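# Geometric and topological summary
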Amino acid sequence: MPELPEVETTRRGIEPHLLGRRVERVIVRDRRLRWPIPDDLDSRLSGQRIERVERRAKYLLLGAEAGTLIVHLGMSGSLRLVEGGLPARKHEHVDLLLDSGQALRYTDPRRFGAMLWSGDPLAHPLLVSLGPEPLGEDFDGERLYRLSRGRSMAVKPFIMDNAVVVGVGNIYATEALFAAGIDPRRAAGSVSRARYQRLAEEIRRVLAHAIERGGTTLRDFVGGDGQPGYFQQELFAYGRGGEFCKTCGSTLREVRLGQRASVYCGRCQR
Ligand SMILES: [Zn+2]
């Protein structure tokens, strides 16, 4: 599933090909995404110049003169630039034909993604209640400390709650908790202010690192497909249940928290 770093990598990859370009036509081959693509998307977007390519949480916001195209990649969606008129294969549901001769092509085998039109995207029901960006100024350990007081839920699902902070998916929550030495099962309300400050720093670090990694594959957005931002050999905990801890040599344990597999070291994480 594309996580925040992959979405940011996508944004950086497509931005130079879209900024200032005019959309000549929108070709929708299959409207049936998580919500139907609006019938009038072609008439709303055609003829307009793309002025902004932004991201909020895992939503890409393609800002045109009269409104914004909100794109979510869902479970399996991807965007890339192709030559306009290149025949579409299976699952290549949408093309935005640009005046450069290229097309921005949306592919989504499982069709859990979304492509919606909005005059005010940040006020859209999908976006209005989202918490702060993890790499932005409004997110810090103090926020985690304040929102967690009195909460008995485990700290891992707490930091994965989009109302607390957006974009901390399972892989990044697992790795940040390992790096901060915090047991993912610990009650959110029992973590000290100092430990939340450390955790907030680790969340920023793992996400920034993954974005940097994704950045090495930017060229693939023309013609190819994006790559995940993290490489298997860099992971300390995620996906390593039953293997040895790289720090202390203990066997990593796996539990389920909030319906998600959670791997941790019983010696390094308290
Ligand atoms: Zn360990």
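None of these values were measured; they are calculated from a predicted model. (Residues numbered from 1 in each chain as written. Predicted model: local features only at pLDDT ≥ 70, side-chain atom pairs only at ≥ 80, totals over all residues. Heavy atoms only, no water.)

All right, on to the overall build of the protein chain then. The number of helices and strands found in the protein chain is six helices and 10 strands. Whereas a compact globule of 270 residues would reach a radius of gyration of roughly 18 Å, the protein chain reaches 20 Å, a difference of no more than 12%. When the backbone C-alpha atoms are referred to their principal axes, the protein chain occupies close to 60 × 35 × 30 Å. Within the span of the protein chain, comprising 270 residues, buried residues form 49% of the whole. (Helix = DSSP H or I, 4+ residues; strand = E, 2+ residues; numbered from the N terminus. Rg over C-alpha atoms; globule rule 2.2 N^0.38 Å. Buried < 20%, exposed > 50% of the residue type's maximum accessible area, 1.4 Å probe, protein only.)

This paragraph deals with the sheet that holds strand β1 (residues 23-28). The strand order β1-β6-β7-β5 describes an open sheet built from four strands, whose pairing is antiparallel. The open sheet has two edge strands, β1 and β5 (78-83), and neither has a second partner. Neighbouring strand axes in the sheet, compared pairwise and without regard to direction, differ in orientation by 20° on average. Both strand β6 (residues 92-98) and strand β7 (residues 102-107) contribute to a ladder of five bridges, which runs antiparallel. In the strand pairing of β7, Val-94 is matched with Tyr-106. Its contacts with the sheet place helix α1 (residues 4-18) against β5, β6 and β7, and it is angled at close to 30° to β5. (Pairing = 2+ DSSP bridges. Axes fitted to C-alpha atoms, helices over the stretch in contact; angles between N-to-C directions. Contact = heavy atoms within 4.5 Å.)

Okay, the coordination of the zinc ion next. Those donors, Cys-245 (SG), Cys-248 (SG), Cys-265 (SG) and Cys-268 (SG), are the protein atoms that reach the zinc ion, and they lie 2.2 to 2.4 Å from it. Here the zinc ion binds four donor atoms, and the angle range of 100 to 114° at the metal identifies the geometry as tetrahedral. Sequence spacing of the donors to the zinc ion: C-x2-C-x16-C-x2-C. Judged by its relative accessible area of 4%, Cys-245 falls in the buried class. (Donors = N, O, S within 2.8 Å, 3.2 Å for Na, K, Ca; no water. Tetrahedral: all angles 85-135°; square planar, octahedral: opposite > 155°, others 65-115°.)

Inspection of the entire model under this criterion finds 26 salt bridges. For Arg-31, the salt bridge goes to Asp-39, with nearest N and O atoms at 3.3 Å. Judged by its relative accessible area of 30%, Arg-31 falls in the partly exposed class. For Asp-183, the salt bridge identified is with Arg-185, shortest N-O distance 2.8 Å. Judged by its relative accessible area of 9%, Asp-183 is buried. Accessibility expressed as a relative area gives 42% for Arg-185, which makes it partly exposed. Three or more residues joined by partner-sharing salt bridges are found here, namely Glu-8, Arg-11, Arg-12, Glu-15, Arg-55, Arg-56 and Glu-133. (Salt bridge = Lys/Arg side-chain N within 4 Å of Asp/Glu carboxyl O.)

Another point: the environment of Arg-44. Mapping Arg-44 onto the fold places it in helix α2 (residues 41-45). Once the C-alpha coordinates of Arg-44 and Glu-254 are considered, the two residues, 210 residues apart in sequence, prove to be 49 Å apart.

Another point: the sheet that holds strand β8 (residues 114-118). Spatial ordering of the open sheet is given by β2-β3-β4-β8, a layout of four strands whose pairing is antiparallel. Both outer strands of the open sheet, β2 (50-56) and β8, are each paired with one neighbouring strand and no more. Strand-to-strand twist across the sheet, computed as the mean angle between neighbouring axes with direction ignored, equals 20°. Across five bridges, strand β4 (residues 68-72) lies against β8 in antiparallel orientation. Looking at the pairing, His-72 lines up with Ala-114 of β8. Here α1 sits on the sheet in contact with β2 and β3 (59-64), set at roughly 175° to β2.

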